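Letter by letter, the chains look like this.
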Amino acid sequence: MKRLLVILMLLGGIGLSPAFAQGLGPDIPKATGQPHPEGNLFWRMNHMRLLQHDRDLTMHNGDRHIQASLKTCVTCHAVKGADGKPVGVDNPKHFCRVCHDYAAVKIDCFMCHNSKPEEKTQAYLKPKIPDSKELAAYLKETGQ
Ligand code: HEC
Ligand code: HEC
Ligand code: HEC
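Model, not experiment: these values are computed from the prediction.

A. Inspection of the pattern of salt bridges at higher detail. For the structure shown, the criterion picks out one salt bridge. For Arg97, the salt bridge is made with Asp101, and the minimal N-O distance between the two is 3.1 Å. With Arg97 and Asp101 both in helix H5 (residues 95-103), this residue pair falls four residues apart, about one helical turn. Its relative accessible area of 39% is what places Asp101 among the partly exposed residues.

B. Inspection of the coordination of the iron atom of ligand 2 at higher detail. The coordination sphere of the iron atom of ligand 2 contains the protein donors His47 (NE2) and His100 (NE2), at a distance range of 2.0 Å. Because the angles between the six donor atoms bound to the iron atom of ligand 2 fall within 87 to 180°, the donor set is best described as octahedral. Pair noted here: His47 is in helix H3 (residues 40-61) and His100 is in helix H5, with a separation of 53 residues, a long-range link.

C. Looking closely at the coordination of the iron atom of ligand 1. Binding of the iron atom of ligand 1 to the protein goes through His36 (NE2) and His77 (NE2), at separations of 2.0 Å. Viewed at the metal, the six donor atoms of the iron atom of ligand 1 are separated by angles of 89 to 179°, and the geometry they form is octahedral. Within this pair, whereas His36 is found in the loop between helix H2 (18-21) and H3, its partner His77 is found in the loop between helix H4 (70-76) and H5, the two being separated by 41 residues in sequence. Given the relative accessible area of 28%, His36 is considered partly exposed.

What counts and how
- Residues numbered from 1 in each chain as written.
- Chains lettered and ligands numbered in written order.
- Predicted model: local features only at pLDDT ≥ 70, side-chain atom pairs only at ≥ 80, totals over all residues.
- Heavy atoms only, no water.
- Salt bridge = Lys/Arg side-chain N within 4 Å of Asp/Glu carboxyl O.
- Helix = DSSP H or I, 4+ residues; strand = E, 2+ residues; numbered from the N terminus.
- Buried < 20%, exposed > 50% of the residue type's maximum accessible area, 1.4 Å probe, protein only.
- Donors = N, O, S within 2.8 Å, 3.2 Å for Na, K, Ca; no water.
- Tetrahedral: all angles 85-135°; square planar, octahedral: opposite > 155°, others 65-115°.

So, in structure tokens, the structure goes:
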């Protein structure tokens, strides 16, 4: 019952009531990348179940080809701080905190999981080095 109440409060606060226009609802930061095909409303209501479901897939079955990966959430939903770098969950502007603070939800996920996008270097993104010419260019690029 409490869960339903919180969700209704939140949905009301976000889009459907005049309270939102007056700035009383949480101000959810914009994301980058493709929006979820299921829509925002679905994700507002179901993200916790999706995350838990997919965590079990990974932890219990070793399946990493999952949809609701925390790594990807914090990448598309990264919020930049004053220094232009993505903020961590210690910052109240962090995507996952905006609604949770509003609805007094506490999650412990980021005790273990990174709340910021991973720093992917060019070197990581290069899958294979097929020939010596490319290898030379690659080494030059990475400064080795
Ligand atoms: C490929 C990029 C991408 C990934 C990955 C992604 N999202 Fe999103 N998400 C979006 C976009 C784009 C929107 C549309 C709203 C917007 O423009 O900010 C959105 C919307 C949402 C909303 C609704 C926000 C609102 O304003 O109502 C929630 C909640 C959400 N995502 C949670 C998650 C969670 C949790 C994960 C990880 C399991 C995740 N998203 C992964 C891009 C992404
Ligand atoms: C649009 C608002 C909103 C955003 C953005 C949002 N959440 Fe939530 N989240 C909620 C609400 C509301 C609840 C509590 C719902 C309930 O009590 O069932 C919740 C609950 C959860 C729960 C379950 C907590 C529990 O104790 O059962 C997890 C896990 C969670 N969110 C993860 C995330 C993560 C990770 C992000 C960022 C990637 C995120 N949420 C972003 C609104 C949001
Ligand atoms: C005590 C540490 C710990 C906590 C707390 C924790 N996790 Fe995890 N989680 C892990 C580990 C370890 C893995 C496996 C990581 C791997 O092998 O890539 C994992 C994997 C996952 C995965 C699948 C892999 C991925 O990239 O997303 C999801 C989804 C996930 N956890 C969600 C959650 C959510 C949601 C919470 C909070 C409700 C949470 N976890 C809290 C340790 C933790």
